[in-house]
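# Architecture at a glance
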Amino acid sequence: EVYRLSDTLVDDMLTVTDSQIAEAVKHCFDDTRAVLEPAGAISIAGLIKWLAARKPRVAGRSKGNYVAISSDAANIEFDFLQRVSGANSPLRKF
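Computed from a prediction, not measured in an experiment: that's the story for all the values here.

For the rest of this paragraph, the subject is the overall build of the chain. The number of helices and strands found in the chain is four helices and zero strands. Seen in sequence order, the chain has helices and strands lined up from the N terminus as α-α-α-α. Looking at the chain as a whole, 20% of its 94 residues are labelled buried. Long-range pairs, those at least 24 residues apart, make up 62% of the contacts in the chain with a sequence separation of at least 6. Total accessible area on the chain is roughly 7,900 Å²; 55% of this is exposed by carbon and sulfur atoms.

If you want it as structure tokens, here you go:
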């Protein structure tokens, strides 16, 4: 049943790296103050990657697209959280 539904409803699929997942955890926290576990941040990382790969829309020429993602859970270990937010994190921009 899962294959049939996926075959019918899924238009595209992509993969994300651990670094992209960590960046998504940080992005969600910065934006919403929600702490997602890595498994919950995979969909956010995928959305960020998908949006970055798309061409910018020309105003008035597109009615837009709909994207559905699901993300939940806050089961995160402190060592991962420290790696994401620490001073030596590769995610730090300055």
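Before going further, it helps to examine the pattern of salt bridges. Between side chains of opposite charge, pairing is possible as soon as their charged atoms come close. For the coordinates displayed, the defined rule picks out two salt bridges. Two residues, Lys-26 and Asp-30, come together in a salt bridge whose shortest N-O distance is 3.0 Å. Taken as a pair, Lys-26 and Asp-30 lie in helix α2 (residues 18–32) at a separation of four residues, close to a single helical turn. Judged by its relative accessible area of 22%, Lys-26 is partly exposed.

Another aspect to go through is α2. An α-helical turn contains 3.6 residues, so any two residues separated by three or four positions project in the same direction. Between its terminal C-alpha atoms α2 stretches 21 Å, which fits the 21 Å expected from 15 residues at 1.5 Å a residue. If you check which residues of α2 are buried, you get Ile-21, Ala-22, Ala-24, Val-25 and Cys-28. With its buried residues spanning 155 degrees around the axis, α2 presents them on a single face. Once α2 finishes, Arg-33 follows within two positions and takes phi at roughly 65 degrees, a positive value.

In this structure, Arg-33 takes a positive phi of about 65 degrees despite not being glycine. By the secondary structure assignment, Arg-33 is in the loop between α2 and α3 (38–53).

Bringing the packing of α2 against α3 into the picture now. The contact between α2 and α3 brings their axes to 8 Å, and the two run at 95 degrees. It follows from the interaxial angle that α2 and α3 lie roughly perpendicular. Residue-level contacts link Gln-20, Ile-21, Ala-24, Val-25, His-27 and Cys-28 of α2 to Pro-38, Ala-41, Ile-42, Ile-44, Ala-45, Ile-48 and Lys-49 of α3.

Cut-offs applied
Residues numbered from 1 in each chain as written. Predicted model: local features only at pLDDT ≥ 70, side-chain atom pairs only at ≥ 80, totals over all residues. Heavy atoms only, no water. Helix = DSSP H or I, 4+ residues; strand = E, 2+ residues; numbered from the N terminus. Buried < 20%, exposed > 50% of the residue type's maximum accessible area, 1.4 Å probe, protein only. Contact = heavy atoms within 4.5 Å. Areas by Shrake-Rupley, 256 points an atom, 1.4 Å probe, with all protein chains shown as cover. Salt bridge = Lys/Arg side-chain N within 4 Å of Asp/Glu carboxyl O. Expected span 1.5 Å × (residues − 1). Arc of directions from axis to C-beta. Axes fitted to C-alpha atoms, helices over the stretch in contact; angles between N-to-C directions. Parallel < 35°, antiparallel > 145°, perpendicular 65-115°, else oblique.

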